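Coordinates in review
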Amino acid sequence: MRALGFVLVVVAAVLLVSSMASIYATTMTVRRSTLSPWAVVLGASAVTVGAIGGVLLLL
């Protein structure tokens, strides 16, 4: 279970970095800053996967 928790935490970190990159790309590089819906989806999935991974690491 700990190995799966570690893998999920790593996946959550990757998703979080890609979410931040998407937010930066959509808000900082164009004149009209509109947040991409995919950035919200990536951020929410990163939080969810990170929480599940954290719980599995504690078990």
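These remarks concern the structure in this document.

Rules and cut-offs
Residues numbered from 1 in each chain as written. Predicted model: local features only at pLDDT ≥ 70, side-chain atom pairs only at ≥ 80, totals over all residues. Heavy atoms only, no water. Helix = DSSP H or I, 4+ residues; strand = E, 2+ residues; numbered from the N terminus. Buried < 20%, exposed > 50% of the residue type's maximum accessible area, 1.4 Å probe, protein only. Contact = heavy atoms within 4.5 Å. Expected span 1.5 Å × (residues − 1). Arc of directions from axis to C-beta.

With respect to the helices, strands and loops of the structure, serine 18 is situated in helix H1 (residues 2–27). Residue classification places serine 18 among the partly exposed positions, given a relative accessible area of 29%. In the structure, serine 18 is positioned 27 residues away from serine 45 in sequence and 11 Å away in space, judged by C-alpha atoms.

The next thing to look at is the environment of leucine 8. By the secondary structure assignment, leucine 8 is in helix H1. Along the backbone, leucine 8 and tyrosine 24 are 16 residues apart, and their C-alpha atoms lie at a distance of 24 Å. Once residues lying within four places of it in the same chain are set aside, the contact partners of leucine 8 are Val49, Ile52, Gly53 and Leu56.

Quick look at helix H2 (residues 37–58) now. For an α-helix, 3.6 residues make a turn, and residues three or four places apart therefore share a direction. Look at H2: 32 Å from first C-alpha to last across 22 residues, which is about the 32 Å you get at 1.5 Å a residue. Residues Ala39, Gly43, Ala46, Val49, Gly53 and Leu56 constitute the buried set of H2. Buried residues in H2, looked at end-on, bunch into an arc of 155 degrees, giving them a common side. Turned more than 90 degrees from where H2 packs its buried face, Pro37, Val47 and Leu58 sit exposed. On its buried face, H2 sits against H1.

Any functional reading would require information beyond the geometric quantities listed.
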